[in-house]
Amino acid sequence: MSTAVVTVNRGLFRGLNLRQKTLLIIGSTSLLLLGIVVSSVFLGGEPLQTNFGSKNLAPSLEHPFGTDWMGRDMFVRTLEGLGLSILVGGLASTISTVLTVILGLLSSAGKTADSFVSWLVDLFLSIPHLLLIILISIGLGGGATGVIIAVALTHWPSLTRVVRAEIKQLKTQEYIHISRNLGKSKWWIASKHILPHLVPQILLGTILMFPHAILHEASVTFLGFGLSPHEPAIGIILSESMRYLSAGYWWLAFFPGLSLLIVVLAFDMIGENLGKLMNPKNAHE
Amino acid sequence: MSNNEKIAGFVGKKALRLTSLLIVVCFASFMLIQCSPIDPVRAYIGEMPVTAEHKAKLEAYWGVNTPPQDKFLNWAGDILKGDFGTSLIFRIPVIDVIKERFTASLVLMGVSWLFSGILGFVLGIIAGAKQGTWVDKAIKTYCYALAAAPTFWLALVLLMVFSVYLGWFPIGLSVPIGVTADDVTFFDWFKRLILPALTLSLLDIAKITMFTREKLIEVLSSDYVLFAKARGEKGLDLVLRHGIRNVALPAITLQFLGFSELFGGTVLVEQVFSYPGIGQAAVAAGLRSDVPLLLGIVIFSALFVFFGNLIADIIYEFVDPRIKQQEASV
Amino acid sequence: MGNKAEINPEKELNTEKELITGLGTTSGNMKKTEALLKVEDLSLSFTQYESGLRQTELKVISNLSIQAYKGEILAIVGSSGSGKSLLAHSILGILPSNAKLDGRIEYNGAELTQERKEEMRGKEIALIPQAITYLDPLMKISNQVIGCVEKKNEGLMKKLQREIFQRYTLKPEVERMFPHELSGGMTRRVLVSTAVISSSKLIIADEPTPGLDEKTLNETLSYFKDMADKGCAVILITHDIEAALKISHKIAVFYAGTVLEVANVEDFKNNGENLRHPYTRALWNALPQNKFQAIKGHQPMQDEVIDGCIFYERCSRKKALCAQGLPQLKQVNGGMVRCNNAS
């Protein structure tokens, strides 16, 4: 008599166990993203050809994403835009992560510092995120730098919250008490005992921050803040495409947006599968 | 008796919080704008030809040469009196712009909030109850894709399909030329609401569905559901009896906590559909350096988010019977 | 001291017996030969994922055999966290999806398949769970005790529930309370009510006694005695051997995922001389009123692979033979034992 049998090897990657499947997903999506960045860097070297002989072409084998009103290949433009998005997202996540680490350690230093951090988190979350980015980028004088810094400065609160909770929990652990009783300084405990435990958590948080940062950068650019119209950003491409919508040039908006969606999805998948590897409690789902 | 005390404490705490929050938000955003190289006089003048005398007057009015702290105190004092200044773009008091625009946006946000909340909850319950089946997988895929979709892109796609291709709605959804906002019929108004509301709902559904699904799975693996199964309950009855009861409150709370994201989505959606709401006004104010309007919108959006959180807190503290009891027994 | 509490409800129950459960059988006229529940060679393991998603197999129960008879209380005694509750879940078919169950369970002479378990539970087999977490935190007590019933039976069930509450001295306002408003003793009685109202023939009580004071403990135990007296088979899963000795007919000693001995309650008299397994004797010696002597060492971990007798490490009478293969379960002196030395 046997009731329920484990269900692991169903679906797509039959024959692989869950670990192999997870690693495969992480590997292939990372490769995809890396490919986008590398090719966009290579393409970025030479300016895009304008060819008025082949403008506003619908997608074809030669131009898989079609061409725009200046005859530029939309596939190449999209690729460059995605590369830029990923780089901006990477920069923003890195800065936000550094801020998180600093604020996290600060909050572990004492009660006053902790309530300050918590207050700062609440403050940043009290204004709608998009509006906050607009406000900060204007305050910084606008332009590409303004937007990038604004995106970078506003993505730490949620991760900081997680890290704070984690620190609180760690602090109740026995070995931290022992360390304290042995007369170790707060800073020593924070950097030697608390930080190492937080590294995986923070790493995962950084990866999951990417999609948010990328989408916010694209949104703000789309609204007309920041990057100049010459930059090959996805937000710019889409806001341009609005002018040609009524003419029926659907490919101008459709493919670049879809590509952005796929990139964001790829980051989400990497994050989620890494999370599964590190914390396998819910792996049966 | 103790309940009244609790309510009084709650109200006091929240009022204090709101005041301190508003002060800090006002100060921080004002100072941020002060740092920026925006020249209010140039922003006001725009393309108009002005005399040097007029310009000096304007500079005095905008306080170009007063120190920032005095400027802030003046501005804050005016706001306390209910005077948010005059919008540079619309040339009418900021408070009037916000009143009109925020109302329009509240309708848009309200409709999509309700729609996405209800549909998202139902989808989440279905996915959670059927965990692991193709129904669950389909719903999950939909949610992942939508959570990753750029809001403005989804708006553009809907616009292309329903306005350009099918021709069901006009492409610019703003008030027809020559018709003032007051003359818009209910039908016109309703028609221009559909696509933006649909876009916002589609995006919002993802979050609430995933949350409901996860919460339901958590409930279904709880001790009390195990016991219910041990007593012969099963299938839909079990989900309806125990699942919905235990998932509904957290899901509603989450919906109220989502006001911030809802506002962000509205900004983008209004831009694509030229919906005359607060989001569009915020973008215009930002792009054209309308500082008084932008600051006014920031303050009101902070209020909006605060009230969402407040309602979530009220649900948490006063509606959930478990919390009620715990507090009383302490 | 506890006698009074034990006797009183019993008398009340006898008069209301037909009305409440309609079982109509008493321990006197029952055939004792056929077990109501027969568990043979039951093994249970879980597939798990460790950090890095490495798949592992965790064996929780191995080669376990027990039998429960109508009108009798069988206590399954073992230390906390040793997987006793999972035995109850196996019988009821409410294991998580990553569980793998082997062996044979028979109920009333026929194999208890998963389908049949689903059919039987709540009607023929009832679980009395161990804690308040087994009640829906947002549902009023009376709805939970009555359970999921058809509309037309609701009135009848409500009446039945009121009668049961009255018998267990639960005040009428308890009906409208939420679980968190109950005291420990009330919770216990409510949980027992859920089994009584179902008129099941096999009752499995999972750790029903921890954290109860002497009076409530005896009261709770008396409820199980009543059920057995009315012809139910009761399985009492507990870590409290003293409580088990008060009311049980048979005691199964659970150790490291299997049963080492099934002893009659009489075997525990006379300084435990008739006990068959060294572990059972050690348990007996550990009781405060006896030698109050704790046994050295600890139970093997669930992921440890053991070739010989699972008690080998701690046994004072081990032989070379004991290190080779798990001893067979054998009939000794009216009980069962898994030991090479017993005869």
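Residues numbered from 1 in each chain as written. Chains lettered and ligands numbered in written order. Predicted model: local features only at pLDDT ≥ 70, side-chain atom pairs only at ≥ 80, totals over all residues. Heavy atoms only, no water.

Topic: the overall build of chain B
- A tally of helices and strands in chain B yields 14 helices and 0 strands.
- From first element to last, N terminus to C terminus, chain B shows the α and β order α-α-α-α-α-α-α-α-α-α-α-α-α-α.
- Evaluated residue by residue, chain B yields a buried proportion of 47% over its 330 residues.
- Sequence-distant contacts, at least 24 apart, represent 76% of the contacts inside chain B between residues at least 6 apart.
- Just so you have it, chain B exposes about 16,000 Å², and 65% of that area is on carbon and sulfur atoms. (Helix = DSSP H or I, 4+ residues; strand = E, 2+ residues; numbered from the N terminus. Buried < 20%, exposed > 50% of the residue type's maximum accessible area, 1.4 Å probe, protein only. Contact = heavy atoms within 4.5 Å. Areas by Shrake-Rupley, 256 points an atom, 1.4 Å probe, with all protein chains shown as cover.)

Quick notes on the nonpolar core
- By size, the foremost hydrophobic cluster in this structure holds 120 residues, and its most contacted members are L223(A), F263(B) and I297(B).
- Top contributing element to this core by residue count: helix 13 (residues 291-319) of chain B, with 15 residues.
- In this structure, this core is formed jointly by two domains, domain 1 (3-80) and domain 2 (98-320) of chain B, each of which donates at least three residues.
- Every residue in contact with L223(A), bar those within four places of it in the chain, is listed here: L130(A), I134(A), V267(B), L268(B), Q271(B), V283(B) and L287(B).
- In terms of nonpolar packing, the next biggest core, distinct from the first, is built from 97 residues, A230(B), I128(C), I237(C) and F311(C) among them. (Core = buried A, V, L, I, M, F, W, Y, C linked by side-chain atoms within 4.5 Å. Domains from an automatic or database assignment.)

Points about the domain arrangement of chain B
Residues and elements named next belong to chain B.
- Under the domain assignment used here, chain B contains domain 1 (3-80) and domain 2 (98-320).
- Taken together, the contact between domain 1 and domain 2 spans 17 residues of the former and 16 residues of the latter.
- Where domain 1 abuts domain 2, roughly 1,500 Å² becomes buried across the two surfaces, and 84% of that area is made up of carbon and sulfur atoms.
- Taken together, the links from domain 1 to domain 2 amount to 2 salt bridges.
- The partner of K14 in a salt bridge is D313, and the shortest N-O contact between them spans 2.5 Å.
- Put simply, domain 1 and domain 2 have 2 residue pairs in polar contact (both at pLDDT 80 or more) between them.
- Contributions of two or more residues to the side of domain 1 that touches domain 2 are made by helix 1 (2-35) and helix 4 (68-80).
- For the side of domain 1 that touches domain 2, the leading source of residues is helix 1, giving 12 residues.
- Among the residues making up the side of domain 1 that touches domain 2, the classes are represented as 14 nonpolar, 1 polar and 2 charged. (Buried area = accessible area lost by both parts, 1.4 Å probe. Salt bridge = Lys/Arg side-chain N within 4 Å of Asp/Glu carboxyl O. Polar contact = N/O pair within 3.5 Å; in protein donor to acceptor, adjacent residues only side chain to side chain. Nonpolar A, V, L, I, M, F, W, Y, C, P; charged D, E, K, R; others polar.)

Digging into the sheet that holds strand 2 (residues 54-68) of chain C
All names here are of chain C.
- Spatially, the 4 strands line up as an open sheet ordered 2-1-4-5, and their pairing is antiparallel. Where the open sheet ends on each side, the last strands, each with one partner, are strand 2 and strand 5 (110-111).
- Direction of pairing for strand 4 (residues 99-107) relative to strand 5: antiparallel, over a ladder of 2 bridges. If you follow Y107 over to strand 5, its bridge partner there is A110.
- Strands in contact with helix 2 (residues 84-92) are strand 1 (37-50), strand 2 and strand 4; relative to strand 1, the strand with the most contacts, it is inclined by about 110°. (Pairing = 2+ DSSP bridges. Axes fitted to C-alpha atoms, helices over the stretch in contact; angles between N-to-C directions.)

Some points on the interface of chain A and chain B
- With 41 residues of chain A at the interface, the matching set in chain B holds 46 residues.
- Interface of chain A and chain B: buried area, both sides summed, is about 3,600 Å²; carbon and sulfur atoms make up 79% of it.
- The closest approach of N and O atoms between R17(B) and D122(A), which form a salt bridge, is 2.8 Å.
- At the boundary of chain A with chain B, the tally comes to 4 residue pairs in polar contact (both at pLDDT 80 or more).
- Sorting the residues of the side of chain A that touches chain B by element identifies helix 3 (111-125), helix 4 (129-139), helix 8 (186-223), helix 9 (234-241) and helix 10 (251-278) of chain A as the ones contributing at least two each.
- Tallied by class, residues from the side of chain A that touches chain B come to 26 nonpolar, 10 polar and 5 charged.

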